[in-house]
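Structural overview
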Amino acid sequence: MNINHKKKIGIVVFVAVLFLSFSFKSKFFEVAKQIEIYNSLFKELNMYYVDEINPADLTDRVIKNTLKDLDPYTNFYNEQDVEDAKIRREGEYAGIGVSVYYTNQGIQIKEIYKGFSADKSGLKAGDIVVSVDGQSLKNMERDELSMFLKGTPNTKVNAKILRQAQILDKVLVREKVVVNPVPFYQMINEETGYITLTRFNNKASSEVKKAFIDLKAKGMKKLVFDLRSNPGGSLLEAINISNFFVPKGKTIVTTKAKIKKWSNNYKGSNDPLDLEIPIVILVNGSSASASEIVSGSLQDYDRAVIMGQRSFGKGLVQRQKELTYGTQLKLTISKYYTPSGRCIQELDYTNRDTKTGIVPKFSDRGINAFKTANGRTVYDGGGIMPDVEIKLSAKTEATDALIGSKAIFNFATDYYYENTNIADPENYVFTKTDFKKFTNYLVNDTTFVTPQEKMFEKAYLAAENNAIAKEYQTLKNSLVEQKLSAIKKNEHILTNLLQEEILLKYYFKEGVYQNRIKKDEVISQAVNLLNNQPKYNQILSGK
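Attention in this report is confined to the structure presented alongside it. (Residues numbered from 1 in each chain as written. Predicted model: local features only at pLDDT ≥ 70, side-chain atom pairs only at ≥ 80, totals over all residues. Heavy atoms only, no water.)

Further remarks concern the pairing of strand β7 (residues 156-163). Residues of β7 alternate between two faces, with V157, A159, I161 and R163 buried on one and K156, N158, K160 and L162 left unburied on the opposite face. Across 8 bridges, β7 lies against strand β8 (residues 166-173) in antiparallel orientation. Bridge assignment links V157 to a residue of β8, and that residue is L172. Remark: 2 residues form the turn of the hairpin made by β7 and β8, two consecutive strands paired antiparallel; Q164 in that turn has positive phi of roughly 50°. (Buried < 20%, exposed > 50% of the residue type's maximum accessible area, 1.4 Å probe, protein only. Helix = DSSP H or I, 4+ residues; strand = E, 2+ residues; numbered from the N terminus. Pairing = 2+ DSSP bridges.)

Below, the structure is given as structure tokens:
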């Protein structure tokens, strides 16, 4: 190599290093500049704004509003948020054993966990904790309310409970509450086992393993593995569970990040539990993240038949980063890819339309085909597509509004107090007559409000006089009729939700699953497929 050529290379390298150095310093300066702007703004606000401001609350809202336009998963956690996230990950905390709604009246009990303090003290779903140790909970903020029922194990809570317009005094004892991610498993018949996994917390793989071994001991030769409505969680737990059914050393998931050390190829590192047992995995539109890693990897290796509806489509991985004063940043660090090379991320947050806020779909630009181990064609860009798709009626806008409201919960609570007894879990059915009562109930319900009703009411209230009051009431009644007509198109979907909400009130979560394995049409189809070995094999062979 001649000297001139060496000099040219040296100059190019020097310019590249200089450019990178300048680029880094430029970005660092821009970050420092924006922080300084915020600090000076915050100082002026704090000193001169006419009313007192809450620095912690203001900063919390500023940061969260800043992050929300990146993606829904990159979040700032204040100290209470950090504690709540820890509970979700670890699956245990000291409390009374309930899930709750936070309301203006206080803490409303959404679900009672069987066998824990709330259950032993006779609390019921629908009860509202209005006072704790003499402190009224009326009109408290969510962050304040969340602290009252959790605390040190074996400490007592003197609570006043509002139930059906009566005030009850209860003494509750905080205790260690363990949230089992496998709330139910059972033999469906002599050869077919059923396991449901509701979340991927730190106990997920150990609980799935325990359930699987127990069912094998009871004669299980086929498995229905239910991941429907499982929102995901720990990447490591998803890898461990996939490894139960695929050979050691096989790639389960690959992550690709901006930071090289966070780009990894994760392989099964343990001996599997079983490489032969036929498996049907159930998924739906709310099966996300870690659920898609498990279903996607087993689909790519032709190890299980996936049944249900297309999954959610979350191909993003998050990690917690410690910040100052006990706070955390949970941020998206990478995308994950199934063994065949698929990224199943549905929404392209990077290219969000800044004017409309609309987030485009990767699938809008076209989907790509990939091959499973047996040569079957699978696709990226929008969740895991089932091998056996179970069609559901498309939900109307009114049905979405109904499901997002508390109307189903409130109706089920009233139903509980109006009906002393119902059939046992395996035989209970929410009938068409019951559904008619539900639609009648919705006529006067104030929680189920469609977007059209909100807009119409806003316009009416903005009017300068009530000259159109009569016409307003007529149109309002018409909107109610329209929304009731719209939800009837999804009667099957809503009947299942109502049935499960009612069973929860009488028989806890266990009763819901006992009913499912007898009445659920998707589980029934999964069992039928497992009983048809030629059909099962034909699906996985791709022929």
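Once that is clear, we can look at the sheet that holds strand β12 (residues 222-226). A sheet is described by the order of its strands in space; here 6 strands give the open sequence β10-β11-β12-β15-β16-β21, paired in mixed fashion. The open sheet has two edge strands, β10 (184-187) and β21 (388-389), and neither has a second partner. Bridge analysis of β10 against strand β11 (residues 192-196) gives 4 bridges, and the strand direction is antiparallel. Its bridge partner lying in β11, M187 is registered against G193.

Another point: the nonpolar core. L197, L223, F225, I241, I279 and I281 are the most contacted members of the largest nonpolar core, which has 37 residues in total. Contributions of two or more residues to this core are made by α6 (204-217), β12, α7 (235-243), β13 (251-257), β15 (279-283) and α8 (290-300). Here this core takes 5 residues from α6, the largest share from any one element. Excluding its chain neighbours within four sequence positions, the residues that come into contact with I241 are L197, F200, A204, S205, V208, F225 and V294. Membership of the second largest hydrophobic core comes to 27 residues, among which are I408, I487, I502 and L504. (Core = buried A, V, L, I, M, F, W, Y, C linked by side-chain atoms within 4.5 Å. Contact = heavy atoms within 4.5 Å.)

Take the packing of helix α15 (residues 521-531) against helix α16 (residues 533-541) next. Running from N to C, α15 and α16 point in directions that differ by 95°, and their axes come no closer than 5 Å. The angle between α15 and α16 falls in the class roughly perpendicular. Each of L529, L530 and N531 in α15 lies in contact with α16, whose residues at this interface are Q533, K535, Y536 and I539. Counted by class, the contact of α15 with α16 contains 4 nonpolar, 2 polar and 1 charged residues. (Axes fitted to C-alpha atoms, helices over the stretch in contact; angles between N-to-C directions. Parallel < 35°, antiparallel > 145°, perpendicular 65-115°, else oblique. Nonpolar A, V, L, I, M, F, W, Y, C, P; charged D, E, K, R; others polar.)

Where charged atoms of side chains with opposite charge meet at close range, the side chains can pair. If you walk through the whole model with that rule in mind, you get 24 salt bridges. Measuring nitrogen to oxygen at the nearest pair gives 3.9 Å for the salt bridge that ties E111 to K509. Of this pair, E111 sits in strand β4 (residues 107-112) while K509 sits in helix α14 (residues 491-519); the two residues are 398 residues apart in sequence, bridging distant segments of the chain. A residue is classified by how much of its surface remains accessible, and E111, at 13% relative accessible area, is buried. Across the salt bridge formed by E346 and K361, the nearest N and O atoms sit 3.6 Å from each other. Residue E346 is found in the loop between β18 (328-337) and β19 (369-371), and its partner K361 is found in the loop between β18 and β19; the two are separated by 15 residues along the sequence. What emerges from the salt-bridge pattern is a single network uniting E191, K221 and K222. (Salt bridge = Lys/Arg side-chain N within 4 Å of Asp/Glu carboxyl O.)

Positioned with a positive phi, S229 is a non-glycine residue whose angle comes to about 60°. Inspection of the secondary structure assignment puts S229 in the loop between β12 and α7. At D302, a residue that is not glycine, the phi angle is positive and equals roughly 55°. Mapped onto the elements, D302 comes out in the loop between α8 and β16 (305-308).

Bringing the environment of T354 into the picture now. With respect to the helices and strands, T354 occurs in the loop between β18 and β19. C-alpha of T354 to C-alpha of D69: the two residues are 285 residues apart in sequence and 9.3 Å apart in space.

Before going further, it helps to examine the environment of L498. With respect to the helices and strands, the residue L498 is situated in helix α14. For the pair L498 and F438, spaced 60 residues apart in sequence, the C-alpha to C-alpha distance is 9.1 Å.

A separate point is the packing of aromatic side chains. Counted according to the given criterion, the structure contains 15 aromatic pairs. With 5.7 Å between their ring centres and 15° between their planes, F184 and Y513 make a pair best called stacked. Of this pair, F184 sits in strand β10 while Y513 sits in helix α14, and the two are 329 residues apart along the sequence. In terms of burial, F184 and Y513 fall into one category: buried. The interplanar angle of 85° and the centroid separation of 5.1 Å between the aromatic rings of Y416 and Y417 together place this pair among those described as edge-to-face. On the accessibility criterion, Y416 (19% relative accessible area) is buried. (Phe/Tyr/Trp six-rings, centres within 6.5 Å; stacked < 30°, edge-to-face > 60°.)

Everything listed here is a matter of coordinates, which is why it stays silent on function.
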